Amino acid sequence: LRQHMQGGWSRENCPLKIFAMSNVSPLGRAKASDVADADVVICSYRLLYSQIYLKRRQEITNNSSRLSHLRGKVNGLMQGTHSMVSGRKSGCSVNDWKELEFPVLEMFYWRRIVFDEFHELESFESAQQNSLQFLRAHFRWGLTGTPPVDNNAGVIFMSSLFRIDLPGYLADGFQGGRATGPDLEDWESDRLLTESAARFLDDYVRQNTAELPHIRLEEHVVQINHTAAERALYLGQAHEAPDYNGDDAFRSEENVSALERLLKLCSHFQVGGADEIQNANEECGRISDQKERRLVRARNQVRRCARVIILLQRLLDKRSKKRKIAWSAEIDKMKAKLKAEGTAAKELVEDVEKEEEAARREAHEDFLSYLDGHRPRSEEMIQSLGWVQPKRGVIEDWKIFMESSMEVASLEKMLISQGGEQAQNLWELHEAGSSMDFFKRTVAALAKGKPEDRICNVCMEEDLPLARLAITPCAHAFCIGCLRESVAKFSKCSLCQRPLQQKDVRPLVSELEEKCEKKEPEPTPHLSSRGVRLDKYGTKLAVLVNKLHELRRQDGEAKVILFVQFDDLKRKVCSALREFGIPCTTLQGGVGTRAGIIRDWQNNPQSETFVLLLSLAQSASGTNLTAASHVVFLHPMLAPNAERAVGYEMQAIGRARRHGQKRSVVHVWRFVTADTLEQKITEVHQGALWRVEQERQAREARNAAAES
């Protein structure tokens, strides 16, 4: 095939008969003989679960949902003993299989089935994945640059695609009394399954590398320095994000979302929020207000829930004074945990207990006024109140609830659930207060305002430089030396006794080594040549715009692929590029529209649109974009492990560095914000890419020596 395809996939140079379809229309017009005569049939995955295709498949099996019936019907048609409905709308039947219009792919027994970029199937719904199981063939191949080999669940996905069952313990998980499917944690801890997965990889997975000695890869790192306001926004999120290197960093959607927000703040000062925010300083004000509102909500939630608990206790006392239940276990446990968190948390618990006592002495109407609009999490209580959504002006509903004759068992169940809810409320109140205090203290220290905002609370040194100033999670300021010594000796804050770890000992700004190729100055908030303030989209995007203008000035035909992982950040980048006068395009619309965008960008050297903005997570594989001589990563790939992240980045680079590239060098640009999670990840990824390049050069040297 390779000998015949030197000129590329074109009608003139390809001796193979190819039947290609991006949607169901070509198949709907074809006969079974057209498909059978083709050497290669190419179709998109979405064809197999389109409604038209599924309806046709069901029609062929006489409205049976079991595809096992299809084999017998096809055999009967080929032997001429059965007829089959032909075409989408004709309504007629044929006895000759060659004349059957609109065949389905499951009717054929293929020589070989190839699943291209099959790692993308992992994100498909199970019904869509299962549709691939019904395709029969002598051989099944899968092609990908990022196989899911880092855990048992990924290997099970691959093996099932190739109809290979791996033995192991596959128990169902349960949540709220309902089955949630196989428990993935059991999969990872099952020894037999792990051994079976390893044997599958050894026997069935192969790696091939494209040798491209004539196309050199040249890496560039552009270091970005946050402004004071951008740094404060970043540190505020870092205070709430999990440890990236911790075991639980990717175990929950909440943790992953927190890490995504942290990484986005390396590129733009705003994650979500209102579009009318014009710069990072305004965003600091918005976030400060947001944190204050969060604290008010948390405090109100504690107050309201406390009164619901008192209400339930009174109802229980009326019905059964002798019967006592241990409903407060979770609250007591949470209070003990908070008291161990230091002075501030201990005072919070004391304030809550005082308010609970005051609530018991409140007048009846004042007591009920706190519950106006309060929505408990307990579904049983919500049903008892007759609500679907939280409402205002429902004091009468609470009065009716107080006078209701509910069973003692139901009241006890509600009281226990409210105890658990209040424990969560107490922790949220502590977290909200800590988050607000830390953010405000950080903003004040970074703003270069009063000297007392940068004073060490131990040695009393004032106006500390940022590289020597540390702010603890409890919002107390120390010089690095005093804090390091205190944590080493006592493992707690010397002011409030909150437990601290060595990872909490870090300066607001690190003293960075000159590791990067070029340090770009922070943009001043003056206007660009198009009258746009350079600080409107933040420091990194301003530096990116300058670099893209520079590349285009140096080479009028240079084209750039710009990779961004997150859709909301991609929209901000697209808006910034267009507003700063850089023509860019993105992939949007249907299959045909997307193909047209790529075709024009790839084949039109005179096009003014020289930047193609792509998703690093969804568009890094499969596309031939050799018109580009520059690949830009606005940020590193966020993934559960370095192997998967580097695989995506290598796929992204491979869009340009592949056969058909006419330039001798492909440049890779990494925009890295200093002293952030982004820098740590990028250093790991850059090191891995460098090792790949070194291995390639060593392999070429060995081949050259062998030939000589």
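About the cut-offs
- Residues numbered from 1 in each chain as written.
- Predicted model: local features only at pLDDT ≥ 70, side-chain atom pairs only at ≥ 80, totals over all residues.
- Heavy atoms only, no water.
- Core = buried A, V, L, I, M, F, W, Y, C linked by side-chain atoms within 4.5 Å.
- Buried < 20%, exposed > 50% of the residue type's maximum accessible area, 1.4 Å probe, protein only.
- Contact = heavy atoms within 4.5 Å.
- Helix = DSSP H or I, 4+ residues; strand = E, 2+ residues; numbered from the N terminus.
- Polar contact = N/O pair within 3.5 Å; in protein donor to acceptor, adjacent residues only side chain to side chain.

Leu544, Leu562, Val573, Leu577 and Val611 are the most contacted members of the largest nonpolar core, which totals 73 residues. Dropping the residues within four chain positions of it, valine 611 is found in contact with Leu548, Val560, Leu562, Leu577, Ile582, Pro583, Cys584, Thr585 and Trp601. Counting 44 residues, the second largest nonpolar core, distinct from the first, contains Leu47, Met107, Ala153 and Ile156.

Within the fold, histidine 226 resides in the loop between β9 (216-224) and α9 (228-238). The exposure class assigned to histidine 226 is buried, which follows from its relative accessible area of 12%. Engagement of the side chain of histidine 226 in a polar contact is seen with the backbone oxygen of leucine 265, the distance being 3.2 Å.

This next bit is on the side chain of histidine 635. Mapped onto the fold, histidine 635 is located in the loop between β16 (630-633) and α22 (642-654). Accessibility expressed as a relative area gives 1% for histidine 635, which makes it buried. A polar atom in the side chain of histidine 635 sits 3.0 Å from the backbone nitrogen of glutamine 565. Ignoring sequence-local partners within four residues, the contact set of histidine 635 consists of Leu263, Ser267, Lys540, Val564, Gln565, Phe566, Leu569, Leu616, Phe671 and Glu678.

Let us look at unusual backbone geometry. With a phi angle near 50 degrees, glutamate 117 is a residue other than glycine that sits in the positive phi range. For glutamate 117, a relative accessible area of 12% puts it in the buried group. One non-glycine residue, aspartate 463, lies in positive phi territory at about 50 degrees.

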